[in-house]
Amino acid sequence: YNAHCLLRDFERARAIAPYGDDARVGHVTRMLVSHGSGILQTHKLAPTDRDHVAALLDRFDPPQGARVLDAGCGVGAVAEIMARIRSDLRFTLLNISGAQLEMAPAGMEKVRADIHALPFPAGRFDAVMFNYSLGHGLLDTCLAEAARVLGPGGIVFIYDLETCDHDYLIDRLGYRPHSRHEILTAARRHGLSVDVVENPPSSTDDFIRLVGSEAFAAFGFARAWPMVYRFTKVSA
């Protein structure tokens, strides 16, 4: 895949994704949250939300007292649970959707902005996490911005889907998961050294109960699997 193909995929996905209509995003999100799906992730690493997020946090492993940017935070449920487990962490929630930010927990900094243009000075954060959000973005630009707002030794954590059928997910979800090769190549380009690359054991049972098995298959989730990445910024 070259840069032209990635841009083409991004533009197709953006045309299908609902984020151009924030009222629609808010309606769908409120419906999912009302059914107990605040995390908004298809694959879970443990049976409960708390244990699933704890498993992510174990792999993320931010330093004590870290300033963490949750880039594409949804309703902030992952950050909220991480903060309960690690009260030393300080989160900034960033989302292009104002409707989702309104549902995010109080007591955390909230910023409405695009993951392609983080409105922060260089070195502002100790860690940046992307949970199910990079598929809405141009990978190279998003990782360049993440690296920019980190100081040396800062961490980039990614939990996302991977698939062999990008077109299927783009056309049905407006989401374009990035391959392992694409992520590792872009990370190296921006001075990020790989610490963790893992396809963790997971379950989709909760999400299937939420949307039904037919919808789960129709939208392409059965064609995807979860991936975890952790990188450390090694360049100034």
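Residues numbered from 1 in each chain as written. Predicted model: local features only at pLDDT ≥ 70, side-chain atom pairs only at ≥ 80, totals over all residues. Heavy atoms only, no water.

Enquirer: Provide a residue-level description of the overall build of the chain, including the pertinent values.
Expert: What the chain contains, in helices and strands, is 10 helices and seven strands. Principal axes of the C-alpha set define a box for the chain whose edges measure 45 × 40 × 35 Å. Here the chain holds 236 residues, and the buried ones make up 53% of them. Looking at the chain alone, contacts between residues at least 24 apart form 74% of all its contacts between residues at least 6 apart. Counting only carbon and sulfur atoms, one obtains 53% of the accessible surface of the chain, whose full area is about 10,400 Å². With 25 positive and 28 negative side-chain charges, the chain shows a separation of 2 Å between the mean positions of the two kinds. (Helix = DSSP H or I, 4+ residues; strand = E, 2+ residues; numbered from the N terminus. Buried < 20%, exposed > 50% of the residue type's maximum accessible area, 1.4 Å probe, protein only. Contact = heavy atoms within 4.5 Å. Areas by Shrake-Rupley, 256 points an atom, 1.4 Å probe, with all protein chains shown as cover. Lys, Arg positive; Asp, Glu negative; His and termini not counted. Charge placed at Lys NZ, Arg CZ, Asp CG, Glu CD.)

Enquirer: Tell me about the packing of helix H6 (residues 139-148) against helix H8 (residues 180-189), and please be specific about residues and values.
Expert: Where H6 meets H8, the closest approach of the two axes is 9 Å, and the angle between their N-to-C directions is 40 degrees. Classified by the interaxial angle, the pair formed by H6 and H8 is oblique. Between H6 and H8 the crossing geometry is right-handed. For the pair formed by H6 and H8, the contact residues are Leu139, Asp140 and Leu143 on the first element and Glu182, Ile183, Ala186, Ala187 and Arg189 on the second. Among the residues forming the contact of H6 with H8, the class breakdown is five nonpolar, no polar and three charged. (Axes fitted to C-alpha atoms, helices over the stretch in contact; angles between N-to-C directions. Parallel < 35°, antiparallel > 145°, perpendicular 65-115°, else oblique. Left-handed = near helix turned anticlockwise from the far one by under 90°. Nonpolar A, V, L, I, M, F, W, Y, C, P; charged D, E, K, R; others polar.)

Enquirer: Describe the pattern of salt bridges, listing the residues and the values that go with them.
Expert: According to the stated counting rule, one finds 20 salt bridges in the structure shown. Glu182 is the partner of Arg176 in a salt bridge, and the nearest nitrogen-oxygen pair spans 2.8 Å. Across the pair, exposure class does not vary: Arg176 and Glu182 are buried alike. (Salt bridge = Lys/Arg side-chain N within 4 Å of Asp/Glu carboxyl O.)

Enquirer: Account for the layout of surface pockets, naming residues and giving values.
Expert: Empty space within the largest pocket amounts to approximately 1,400 Å³. Lining the largest pocket are 49 residues, with Pro18, Tyr19, His136, Leu173 and Tyr175 positioned closest to its centre. At the level of secondary structure, the elements contributing two or more residues to the lining of the largest pocket comprise helix H1 (3-16), helix H2 (22-34), helix H4 (77-85), strand S2 (90-95), helix H7 (166-173) and helix H9 (205-211). Residue contributions to the lining of the largest pocket peak at six residues, all from H2. Its residues assigned to classes, the lining of the largest pocket shows 29 nonpolar, 15 polar and five charged. By volume, the second largest pocket amounts to about 360 Å³. Every residue lining the second largest pocket is counted, 20 residues in all, and those nearest its centre are Leu6, Leu139, Asp140, Glu182 and Arg189. Taken together, the elements giving at least two residues each to the lining of the second largest pocket come down to H1, H6 and H8. Counted by class, the lining of the second largest pocket contains eight nonpolar, seven polar and five charged residues. (1 Å grid on protein atoms, 1.4 Å probe; cavity = no way out; pocket = protein on both sides within 12 Å on 5 of 7 lines; lining within 4 Å. Points joined across faces, edges and corners; volume = space filled by probe spheres on them.)

Enquirer: Any details on H2? Residues and values, ideally.
Expert: In this model H2 runs 18 Å from its N-terminal to its C-terminal C-alpha over 13 residues, within 8% of the 18 Å that 1.5 Å per residue would give. Those residues of H2 lying buried are Asp22, Val25, Gly26 and Thr29. Projected down its long axis, H2 shows its buried positions confined to an angular sector of 95 degrees, all on one face. In H2, the exposed positions angled more than 90 degrees off the buried face are occupied by Ala23, His27 and Ser34. (Expected span 1.5 Å × (residues − 1). Arc of directions from axis to C-beta.)

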